[in-house]
Amino acid sequence: MSKPNFVRATVLVVFSVLIARAGFSFGTGASSFSKAESSGGEYLPNKIVIKFKPGQTFGGRLSKTGVASFDALLGSNNVARLERVSKGKSRLGKGMASAGIENIYYVYFNGGESPLSVARAFKYHPLVEYAEPLRVYRLTATPNDPLFSQQFNFQVIQAQAAWDVVKGEQGNVVVAVVDGGTDVDHGDLAANIWRNPGESGSGRESNNIDDDNNGFVDDFQGWNFANNSNDPSGLSSTPTSANHGSHVGGIVSAVSDNSNQVAGVSWNAKLMPINAAVDGQDNVIGFGYAGIIYAAENGADIINLSWGGGGAPSLFEQDIIDYATSLGSVIVAAAGNESSSAPHFPSSYKNVFSVAATGDLATGDLKKADFSNFGPTVDLAAPGQTIRSTFHNGATGIFSGTSMASPHVAGVVALVKTLHPDWTNVQAAEQVRATADNTDAANPGFENQMGSGRVNALKAVTVTTPSIRIADVRFIDANGNGVIERNETVEVLLNLTNFLAPASNISLTLEENDPFVSITSNSANIASLGTLETTASPLSFSIRTTSSAPSGRQLNFVLRIASGDYQDRERFTLVVQPLFENANINNITLSLTGIGRIGFATTEADEPTDGFGFSFNRGPNLLFEGAILAGTGPSIISNAARGIGETGGHVFDRDFVTANDGPLRIITPGAITDQESFTIFEDVLSNTPMNLRITQESFAMSAAPNDNFILLRYTIQNSGQSTLANFHFGLFFDWDLGTPQEVFQNQASYDAVRRMGIVSHSNTFVGAMSLGTANIHYRAINNLTINDSNGFTDAEKWQALSSGLSATFAGPADVSHVIANGPFSIPPSQSITLDYALLAANSLVELQSTATAAQVFWSQLITDVEDPGAPGIPTKFALLQNYPNPFNPTTEIRYDLAQAAEVELTVYNLLGQKIRTLVKARQAAGFHSVQWDGANAAGEIVASGVYLYQLRAGGFVQTHKMLFIK
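Conventions used here
- Residues numbered from 1 in each chain as written.
- Predicted model: local features only at pLDDT ≥ 70, side-chain atom pairs only at ≥ 80, totals over all residues.
- Heavy atoms only, no water.
- Helix = DSSP H or I, 4+ residues; strand = E, 2+ residues; numbered from the N terminus.
- Buried < 20%, exposed > 50% of the residue type's maximum accessible area, 1.4 Å probe, protein only.
- Contact = heavy atoms within 4.5 Å.
- Areas by Shrake-Rupley, 256 points an atom, 1.4 Å probe, with all protein chains shown as cover.
- Arc of directions from axis to C-beta.
- Pairing = 2+ DSSP bridges.
- Axes fitted to C-alpha atoms, helices over the stretch in contact; angles between N-to-C directions.
- Core = buried A, V, L, I, M, F, W, Y, C linked by side-chain atoms within 4.5 Å.
- Phe/Tyr/Trp six-rings, centres within 6.5 Å; stacked < 30°, edge-to-face > 60°.
- Lys NZ or Arg CZ within 6 Å of the ring centre and 35° of its normal.
- Parallel < 35°, antiparallel > 145°, perpendicular 65-115°, else oblique.
- Left-handed = near helix turned anticlockwise from the far one by under 90°.
- Nonpolar A, V, L, I, M, F, W, Y, C, P; charged D, E, K, R; others polar.
- pLDDT = per-residue confidence, 0-100.
- Polar contact = N/O pair within 3.5 Å; in protein donor to acceptor, adjacent residues only side chain to side chain.
- 1 Å grid on protein atoms, 1.4 Å probe; cavity = no way out; pocket = protein on both sides within 12 Å on 5 of 7 lines; lining within 4 Å.
- Points joined across faces, edges and corners; volume = space filled by probe spheres on them.

1. A closer look at the overall build of the chain
Part 1 of the reasoning: Regarding its fold elements, the chain presents 12 helices and 52 strands.
Part 2 of the reasoning: Buried residues in the chain amount to 64% of all 966 residues.
Part 3 of the reasoning: Relative to all contacts within the chain whose residues are 6 or more apart in sequence, the contacts with residues 24 or more apart total 71%.
Part 4 of the reasoning: Element-wise, carbon and sulfur atoms account for 49% of the exposed surface of the chain, whose accessible area totals about 32400 Å².

Structure (structure tokens):
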């Protein structure tokens, strides 16, 4: 798989705030569904979710924040209240800060506005990290009728033999079913329903008191989010959802050995029922992620999610998955029923155990079910065709789908956890995965696409095995620009973690049968790897792409792992990245790159190629060169514009490389506009690098009056350890309007009212516009002054970046211009955000009108972008990401105190156990840092793995993750 599901590494970036708008395909019955058009069919109505940026602290429930600009947004969008997504601490004693969800809030609004448009309104407020509508998912299945003798699924996974070794009733494992409602009074379920130990009484008795202070009154046996009640049963208004939730619950843990109806895989483990349906909308899961929070905070060991859909990933949903797993829960999810390898969520998220479906005895019990999804993110498979289990209102029946496969795995994980209560839930899940029966022989054409194989309950509770998985994937490309290109040699670096029994003499073989890549170094060895140990240094493999490899080609690799009798395989994905992509949703066509250039990607030749440039109304290209310029002085410049060759003449500076986690993507439609792009690049090739990490985004709309411009946003982060003072940033454009002869009649000028540089000739006008309030610099340039004889020097670039409005007109001539902002002061790990618009028109009046439209549209999306303040005293509390990360032997942890406070900085493991207190003292306001050497309180070096570090300063609490590698 492209990214292991429990330590899921990725090179193919998960995009920020991408919401599925292209139609869903859902993961339960053997069917797919287009998005519903009824109210809330695609998104929950009258509700979105936002995440405030670190350092913003508010109460659990509020109607105003006290921040005037944000509260104005609340008023203009008819917001009634904000409510934190988590109501309180978990039963494990770890709070919301353990995964950073304390700043995530539901936003409830009145009126008929679409959730998508309301999310757009909040997205770019400077307090907000992301804003998203809440996506809903669907369920579907076809009923039939009962009895255990026909439960072939238990035969093929050898459940009965496993029960001779261990039964769920012998332990206290809790499996949460977040679904359409579970019949808690069902004769074959009632005895196994989880009882909340924190609430007084039992059953549905009520004292109207939240005895355990978890935010839910009298939640004796789970919760119903569909009607906000303490009865998690399915609703009469959603009968199929009710049957589905009961069916899934019965597969996990129907009461077994009771001479009644059917058995459950985990033989009487405790079942935590959570109704996440939508009242009145059958087959719809609308509160799945609220259900995940509830399950994890209330102590569920395993959380089953038998629902899902296609589309794009969500930051909110991944945050909630990460939160649940940080509390120790294992999440098992249906892989989907579209017979596809396309991404499917939540099963494709990191930290989710994805389950495909195999067939019944008639179709082949090791064969992939016709409807089942497959591919690199699947972890293993389980029976999912014609599965008999409990239905609502005491009945039983048959459903098919990966929804039925997933609870088989959840149940077997519960058996393993019962047998090994000292193991983490992740280890129990890894045991199930590592002992699965290989399905390749039964599935020609789907080899390596069904995870480790079909679950085998007997082997899971009897076999001692390692379980070695990829912890992270990195690559180093030949020319160092962070992009896997055609005809390029790439070094692939893998770190591995062993979750289970120690392994020795481990051999690794990398495989790929794609015609566009060859593996030039395919093997590596590890002498030994202990339990929960990660390789001390990455293992190196080498690949080479062909000269004809298509841009965007997904290369699916298989890593064969062998140690004695242990045989395993891991999958990961690399992508042949394009050097450029075209934004073309409206009258502007613009080529974008991930290396700091605009219009064309090539930086090796005298003439720009490999790109379309910039055109208006599908006409000819109007741009010779576009590039980013940044600097703090005439001798400290990072840029991708023309420079000076060693023997004279101009070449192109190539200071930026694409970050491994930021390959260029065009997204149509985007999360908030009709088309968007995303990439991240860094100035690592500069002669004087400033340690810049620049996120570039673009936004475009297709309809008038917003169809003649494209917005560009740059978030510039200082990833170094020193403050960047006197920092300036801008865009350079060399426009060529008209015929080759007419180019020398172009004119450049500045419109001070609109903060816009203009280049024009005849009836063609183009503009580059600075949006926002930051200090502006504009320089019109006659290209004869930066021609082949003297190039475009760093000193000239700095002059253009920083000299205000001293040269606002050039021409008639071959002209270029720079529009820039500054100065800024950027402390370590902090960032600024700058926004620009590129425009085109057939007249000056039309260009001015377009500029007004761009300003209005930008103002609607991006509210008053704040310029960074002076670096003396922080304006807010903040805990920054440690550096370096991963690290060995030491790392630095930095934090900001807006005022003097009692400070405690503590390191925890993922179980919430305190490893070491690094700081416990009263400290003054300012910027602080401390080193950690990987040692615990006793001075012993800790094991390799992920650790949490938490800052408490007065009422401020924030937590981050870090990776220690021996």
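2. Observations concerning helix H11 (residues 794–802)
Part 1 of the reasoning: Of all the positions in H11, only Lys797, Trp798, Ala800 and Leu801 are classed as buried. The arc enclosing the buried residues of H11, seen along the axis, measures out at 160°, which places them on a common side.
Part 2 of the reasoning: Tucked inside the fold, the buried residues of H11 contact strand S31 (623–633), strand S32 (636–639), strand S38 (724–735), strand S42 (776–782) and strand S44 (815–826).
Part 3 of the reasoning: Of the residues one or two after H11, Gly804 is the one with positive phi, at around 65°.

3. Overview of the sheet that holds strand S14 (residues 353–358)
Part 1 of the reasoning: An order of S8-S9-S7-S12-S13-S14-S15 is seen for the seven strands of this open sheet, with the pairing classed as parallel. Here the strands that pair on one side only, and so sit at the sheet edges, are strand S8 (223–224) and strand S15 (380–383).
Part 2 of the reasoning: Direction of pairing for strand S7 (residues 174–179) relative to strand S9 (residues 270–275): parallel, over a ladder of six bridges. Across the sheet, the residue bridging to Ala176 is Met272, located in S9.

4. Observations regarding the sheet that holds strand S22 (residues 523–529)
Sheets are built from strands that pair by backbone hydrogen bonding, the pairs being arranged parallel or antiparallel.
Part 1 of the reasoning: Taken in spatial order, the four strands of this open sheet run S22-S20-S25-S26, and their pairing is antiparallel. Each edge of the open sheet carries a strand with a single partner, namely S22 and strand S26 (566–575). Sheet twist, expressed as the mean angle between neighbouring strand axes with direction ignored, is 25°.
Part 2 of the reasoning: Note that strand S20 (residues 503–511) and S22 share six bridges and pair antiparallel. Bridging from a neighbouring strand, Thr509 pairs with Ser523 of S22.

5. So, the nonpolar core
Part 1 of the reasoning: Of all hydrophobic cores here, the largest spans 61 residues; its most connected members are Phe614, Tyr714, Ile716, Phe727, Phe729, Leu731 and Trp735.
Part 2 of the reasoning: Looking at this core, the element that brings in the most residues is S38, giving seven residues.
Part 3 of the reasoning: Judged by nonpolar contacts, the second largest core, of 57 residues, contains Ala159, Trp163, Val265 and Val413.

6. Examining the packing of aromatic side chains
Part 1 of the reasoning: This model, assessed by the stated rule, comprises 31 aromatic pairs.
Part 2 of the reasoning: Look at Tyr106 and Phe316: their rings are 6.4 Å apart centre to centre, the planes differ by 70°, and that puts the pair in the edge-to-face class. With Tyr106 in strand S4 (residues 104–109) and Phe316 in helix H7 (residues 315–326), this pair connects stretches of sequence that are 210 residues apart.
Part 3 of the reasoning: Looking at Phe316, the relative accessible area reads 2%, which means it is buried.
Part 4 of the reasoning: When the ring centre of Tyr108 is taken as origin, the NZ or CZ atom of Arg81, which lies over that ring, is 3.8 Å away.
Part 5 of the reasoning: Above the ring of Trp267, the side-chain terminus of Lys167 is found at 5.2 Å from the ring centroid.

7. Some details on the packing of helix H6 (residues 288–297) against H7
Part 1 of the reasoning: At their nearest, the axes of H6 and H7 sit 9 Å apart, and the two run at 15° to each other. The angle between the axes of H6 and H7 places the two elements in the roughly parallel class. In this structure, H6 crosses over H7, and the sense of that crossing is left-handed. For the pair H6 and H7, contact is made by Tyr289, Ile292, Ile293, Ala296 and Glu297 and by Phe316, Glu317, Ile320, Ile321, Tyr323 and Ala324, respectively.
Part 2 of the reasoning: Taken together, the residues of the contact of H6 with H7 break down into nine nonpolar, no polar and two charged.

8. Side note on the environment of Asp437
Part 1 of the reasoning: By the element assignment, Asp437 lies in the loop between helix H9 (425–434) and helix H10 (457–462).
Part 2 of the reasoning: Under the relative-accessibility criterion, Asp437 is labelled buried at 17%.
Part 3 of the reasoning: As a C-alpha pair, Asp437 and Leu380 span 57 residues in sequence and 9.2 Å in three-dimensional space.
Part 4 of the reasoning: When sequence neighbours within four positions are dropped, the list of residues in contact with Asp437 reads Ser452, Gly453, Arg454, Asn456 and Lys459.

9. A few points about the confidence of the model for the chain
Low pLDDT means the predicted atomic positions in that stretch should not be read closely.
Part 1 of the reasoning: Mean pLDDT over the chain: 84, with 88% of residues reaching 70 or higher.
Part 2 of the reasoning: Confidence drops under a pLDDT of 50 for residues 603–609, and excluding neighbours within four residues, the segment shows 18 contacts in the predicted structure.
Part 3 of the reasoning: Between residues 863–871, whose pLDDT stays under 50, and residues either more than four places distant or in other chains, the model counts 21 contacts.

10. Details of the side chain of Asn746
Part 1 of the reasoning: Here Asn746 is to be found in strand S39 (residues 746–751).
Part 2 of the reasoning: Exposure remark for Asn746: the relative accessible area of 0% places this residue in the buried category.
Part 3 of the reasoning: A polar side-chain atom of Asn746 sits 3.2 Å from the main-chain carbonyl oxygen of Glu742.
Part 4 of the reasoning: Setting aside its immediate chain neighbours within four residues, Asn746 contacts Trp735, Asp736, Leu737, Val759, Ser760, His761, Ala810, Gly811, Pro812, Ala813 and Val815.

11. So, the side chain of Asp360
Part 1 of the reasoning: With respect to the helices and strands, Asp360 occurs in the loop between S14 and S15.
Part 2 of the reasoning: Within the structure, the side chain of Asp360 is placed 2.9 Å from the side chain of Thr363, a separation counted as a polar contact.
Part 3 of the reasoning: Beyond its immediate chain neighbours, meaning those up to four positions away, Asp360 contacts Phe152, Asp365, Gln385 and Thr386.

12. What to know about empty space enclosed by the protein
Once rolled over the atoms, a probe with the size of a water molecule shows which space is left empty.
Part 1 of the reasoning: Scanning all chains against the criterion turns up six cavities of 30 Å³ or more.
Part 2 of the reasoning: Looking at the largest cavity, its volume works out to about 130 Å³.
Part 3 of the reasoning: Lining the largest cavity are 19 residues, and of these Leu134, Arg135, Gly286, Tyr289 and Phe316 sit closest to its centre.
Part 4 of the reasoning: Elements with a contribution of two residues or more to the lining of the largest cavity: strand S1 (43–52), strand S5 (128–135), H6 and H7.
Part 5 of the reasoning: Taken together, the residues of the lining of the largest cavity break down into 12 nonpolar, three polar and four charged.

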